[in-house]
Amino acid sequence: MTDLLARARAAAPCRRDLAALSRDLEGAEAALAEALAARDDRAFAHLLVAMLHADLTVDASVLVRGAALLPDAEWIAAVAGRLSGDVGAALVGAVRDRGLGWEREPATLLVAELWWRRAGVERTPGLLEEARIRGRRHLTQEGEDAVVALHGLFDDPDFTVLIEGLATAEVKDAARHFASKLVERMTSPVLSGLPERERKASRTAGPVRRAVGKVGRNDPCPCGSGRKYKACHEQADRERNADASDVEGLTLAELNADLEKHLDDKRLAALKGHELARLDASRVPEVLRSAWVDLLGQWGEHDAALAAVTSWWPPPEVEDREVEDDRVRLVAEHASRAGRRDIVLAAIALRGTDADLLLEARVVAAEPQDRLALLEAAAVDELDAGALDLGFALLATGCPALGIHVARSELVLRARDAESDQLYASLVEARDQLLAPPWDPIDEITYQLERGVAPEVDRELASARDRMTRGEAALRATQEALEQLRSELASKEEAREAAPAPVVEVEVPANRAVGEDPALRELRERMEHLKRELKDRHRERNALRKELEEAKERVTELEHTPREAEAEEGDDDEDDDVSGLDVSVAAKLRVPVFPDDFSERLEKVPEATARAALMRVGELCAGFDVAFREVRPLRGFEGTWRVKVGRSYRLLFRPLDRTLEVIDLLHRQDLEKRLFRLRRGGE
């Protein structure tokens, strides 16, 4: 088996080498399982293809963890057509496992859908949900082609809504070509898409450094043989440089064999999940260990992450375990989001406690019958602190609908930050998992909270502005054309007056002036036409300006109006058992007294409301009886009254002997808060 793995690892990805490998596959099943467990991508891919070429039976379940070890979507399609079992379900499982990387997940889902259609069996639940989640993300070109191809295969209006901006005619053509290529690989012999012989190509991303320094061909060979370089090591060194890495003096194979020695932040972030899992935990630099564990969790390599932190766990006599403890907690929290209860329990056992773990990890670790009590206790603790942890926990631990409701409340109550954006992303992902309509009602609420206006009104204003901008541009173009025509006409008339008139006797038609130039007449006609067009443009601009002002006024009004329409009658802040002031009190003339900041308050309300408030103050000060009929007393504030201003605002005032003291002008929704401050301040 060890010999077979070594031969599979040494084989080149070409028809000749893999066909040769397929001739001797004794112990192939055990070798394939070992390569999968070791995350040895080269040995696994070559051995799997060789086994299928030899017509050996391989179950599709190997793809759940093994699809991430195959080079690309064409390799996945090539093996998908020859595995036994439900290949589509295995590929959806591979996507959920997160080991493929976001750039290959859409193409893998497309292969799954194509396999189901070719097999003629019912699609396993889960593909549409995962496709919707990927349709929301920023994708590579291959990812876009795969998502659009899936759109063409699905009959799902919600998925169409998600990618309608992506599915252009050009992308649709590319998507059809990409899907056809995958179908061809799926239906052709498994080795048909590979080159006959290995093609040498650099596999290093970024700049490549020479594996061997420069030596003149006729110089003595550096090996000390005394021979010329061209007759000694030139050919071997040329082959080394063909496989050069980004580390000077090392080939790519030599670098990968000792990768831990050359690790840095950039190189670590560029590794894929299975490459990260192959690193030797004892040789990973201390400064990179936490980042490595985090990346392992993001790629779904939870077993490798647990093995690493276990190997680093300090002996009992070491008291300071803070850094190692943080890494173990990180492993538990990543595993909890993947539903890996075994990893979470192992991490808790290593620490000896579940203290300081995120709520979702503690919920996953708890017994099913204890989870509701744990969530309720967390909800009590977060009553006044916000339900961020509770929302994440519900969304991540099998209660997506409950999590959506909790997340909505947190998004409304919490100022926007990175954590709230992450919570919103989890919310829409949960909607996709439930196959709910793609846009959540919270979108409109948060939009209005952030911008102070409903989305449809904002779109109306943007449309009015756009039409105004285009109208202004057309007007400027007409004005410029008219000015150019005037200049051209003036120059022609000057030239005509300066030139001596020829004495020629011609017969002049009755309807034409003597000496009139046809070219000048045409210019004058064009100028008259432009003048008429300019007038039309001015009228259009004025109409657009009026429309824009009306849209702005509507936005301003809606910024200060509650979402639910308020009825004119029966407001909940009005008292039905009282009438206006005594007539003798109301009939007095009074001088208004305003608060120092009243002008600032007027600037914060709609202009129409500000005007109405000042008019109402004037009517009250003048002692108009009709004005006092609409006032109502403030309960608990003797001598203090309120009166409506428009539909949504209230003016608070005190009628004294010679003056009318204005207290405040505020929205009816803020009335209770203001009264609370008045009571507390003893005003």
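Read on for an overview of the structure. Remember, predicted model here, so these are calculated numbers, not experimental data. (Residues numbered from 1 in each chain as written. Predicted model: local features only at pLDDT ≥ 70, side-chain atom pairs only at ≥ 80, totals over all residues. Heavy atoms only, no water.)

### A word on the overall build of the protein chain
Counting its regular elements, the protein chain contains 33 helices and 5 strands. Accessible surface computed for the protein chain: about 37800 Å², of which carbon and sulfur atoms make up 51%. (Helix = DSSP H or I, 4+ residues; strand = E, 2+ residues; numbered from the N terminus. Areas by Shrake-Rupley, 256 points an atom, 1.4 Å probe, with all protein chains shown as cover.)

### Observations regarding the environment of H177
With respect to the secondary-structure elements, H177 resides in helix 12 (residues 169–187). The exposure class of H177 is exposed, given its relative accessible area of 56%. Spatially, the C-alpha atoms of H177 and D145 are 8.8 Å apart, while their sequence positions differ by 32 residues. (Buried < 20%, exposed > 50% of the residue type's maximum accessible area, 1.4 Å probe, protein only.)

### Examining a nonpolar patch on the surface
Together, V412, L413 and I445 make up an exposed nonpolar region whose accessible area comes to about 280 Å². Residue position: I445 is located in helix 26 (residues 442–451). With a relative accessible area of 32%, I445 lands in the partly exposed category. (Patch = residues over 30% accessible without salt bridge, like charges linked within 9 Å, V, L, I, M, F, W, Y side chains within 5 Å. Salt bridge = Lys/Arg side-chain N within 4 Å of Asp/Glu carboxyl O.)

### So, the pattern of salt bridges
Two side chains carrying opposite charge are able to pair once their charged atoms lie near each other. With the rule as written, the count across this model stands at 48 salt bridges. The salt bridge involving D325 is made with R329; its shortest N-O contact spans 3.7 Å. With D325 and R329 both in helix 19 (residues 322–337), this residue pair falls 4 residues apart, about one helical turn. In terms of burial, D325 and R329 fall into one category: buried. We note a salt bridge from R654 to E661, for which the minimum N-O separation is 3.3 Å.

### Some words on the sheet that holds strand 5 (residues 659–667)
With mixed pairing, the 5 strands of this open sheet are ordered in space as 1-5-4-3-2. Two strands lie at the open edges of the sheet, namely strand 1 (591–593) and strand 2 (632–633), each paired on one side alone. (Pairing = 2+ DSSP bridges.)

### Some points on the nonpolar core
Among the nonpolar cores identified, the biggest contains 76 residues, and F44, L47, L48, L63, L70, L83 and L110 are the most heavily contacted of them. At 9 residues, helix 4 (residues 41–53) tops the list of elements feeding residues into this core. What L63 contacts, discounting residues up to four positions off in sequence, is L70, V79, L83, V87, A90, L91 and A94. With 37 residues, the next largest nonpolar core counts A281, L306, I343 and I348 among its residues. (Core = buried A, V, L, I, M, F, W, Y, C linked by side-chain atoms within 4.5 Å. Contact = heavy atoms within 4.5 Å.)

### Topic: helix 25 (residues 418–433)
With 16 residues, helix 25 ought to run about 22 Å at 1.5 Å a step, and its terminal C-alpha atoms sit 23 Å apart, in line with that. Among the residues making up helix 25, those that are buried are S420, L423, L427, V428, A430, R431 and D432. If you follow the buried residues of helix 25, they end up packed against helix 9 (127–135), helix 11 (157–163), helix 23 (388–396) and helix 24 (400–413). Two or three places before E419, at the start of helix 25, stands the capping residue D417, its side-chain oxygen 3.2 Å from that residue's backbone nitrogen. At the C-terminal side of helix 25, L435 shows a positive phi close to 55°. (Expected span 1.5 Å × (residues − 1). Polar contact = N/O pair within 3.5 Å; in protein donor to acceptor, adjacent residues only side chain to side chain.)

### A few points about the packing of helix 19 against helix 20 (residues 341–351)
At their nearest, the axes of helix 19 and helix 20 sit 8 Å apart, and the two run at 160° to each other. As the angle between them shows, helix 19 and helix 20 are arranged roughly antiparallel. For the crossing formed where helix 19 meets helix 20, the hand is left-handed. Residues D325, V328, R329, V331, A332, A335 and S336 of helix 19 form the contact with helix 20, whose own contacting residues are I343, V344, A347, L350 and R351. Of the residues belonging to the contact of helix 19 with helix 20, the class tally is 8 nonpolar, 1 polar and 3 charged. (Axes fitted to C-alpha atoms, helices over the stretch in contact; angles between N-to-C directions. Parallel < 35°, antiparallel > 145°, perpendicular 65-115°, else oblique. Left-handed = near helix turned anticlockwise from the far one by under 90°. Nonpolar A, V, L, I, M, F, W, Y, C, P; charged D, E, K, R; others polar.)

### Let's talk about helix 19
Taking 1.5 Å per residue, 16 residues should reach 22 Å; helix 19 reaches 23 Å between its end C-alpha atoms and fits that length. Looking at helix 19, one finds that the buried residues are E324, D325, R327, V328, R329, V331, A332, E333, H334, A335 and S336. Residues of helix 19 that are buried sit in contact with helix 17 (289–298), helix 18 (302–312), helix 20, helix 21 (359–365) and helix 23. Where helix 19 terminates, the next one or two residues include G339, which has phi positive at roughly 75°.

### Observations regarding the environment of E429
As for its placement among the helices and strands, E429 is situated in helix 25. Spatially, the C-alpha atom of E429 lies 9.8 Å from that of I404, the residues being 25 residues apart in sequence. Each residue touching E429, except ones within four places of it in the same chain, is listed here: R98, I133 and R137.

### Re the packing of helix 1 (residues 2–10) against helix 4
The N-to-C vectors of helix 1 and helix 4 enclose an angle of 95°; their axes lie 8 Å apart at closest approach. Judged by the angle between their axes, helix 1 and helix 4 are roughly perpendicular. Side by side, helix 1 and helix 4 meet where L4, L5, A8, R9 and A10 of the first sit next to R42, A43, H46 and L47 of the second. Of the residues contributing to the contact of helix 1 with helix 4, the split by class is 6 nonpolar, 1 polar and 2 charged.

### Some points on unusual backbone geometry
One non-glycine residue with positive phi stands out, namely D55, at about 65°. Turning to its location among the elements, D55 is positioned in the loop between helix 4 and helix 5 (62–66). With phi around 70°, D356 is a residue other than glycine that occupies positive phi space. Residue placement: D356 occurs in the loop between helix 20 and helix 21.

### Here we look at the packing of aromatic side chains
This model, assessed by the stated rule, comprises 3 aromatic pairs. Seen in terms of ring centroids, F154 and F159 are 5.5 Å apart; in terms of plane orientation they differ by 70°. Their pairing is edge-to-face. Look at F159 and you get buried, because its relative accessible area is 0%. With centroids separated by 5.1 Å and ring planes inclined at 25°, the aromatic side chains of F594 and F598 adopt a geometry described as stacked. The class of F594 is partly exposed, set by a relative accessible area of 34%. F598 gets classed as buried once you look at its relative accessible area, which sits at 4%. Cation over ring: R327 sits above W312, and NZ or CZ is 5.3 Å from the ring centre. (Phe/Tyr/Trp six-rings, centres within 6.5 Å; stacked < 30°, edge-to-face > 60°. Lys NZ or Arg CZ within 6 Å of the ring centre and 35° of its normal.)

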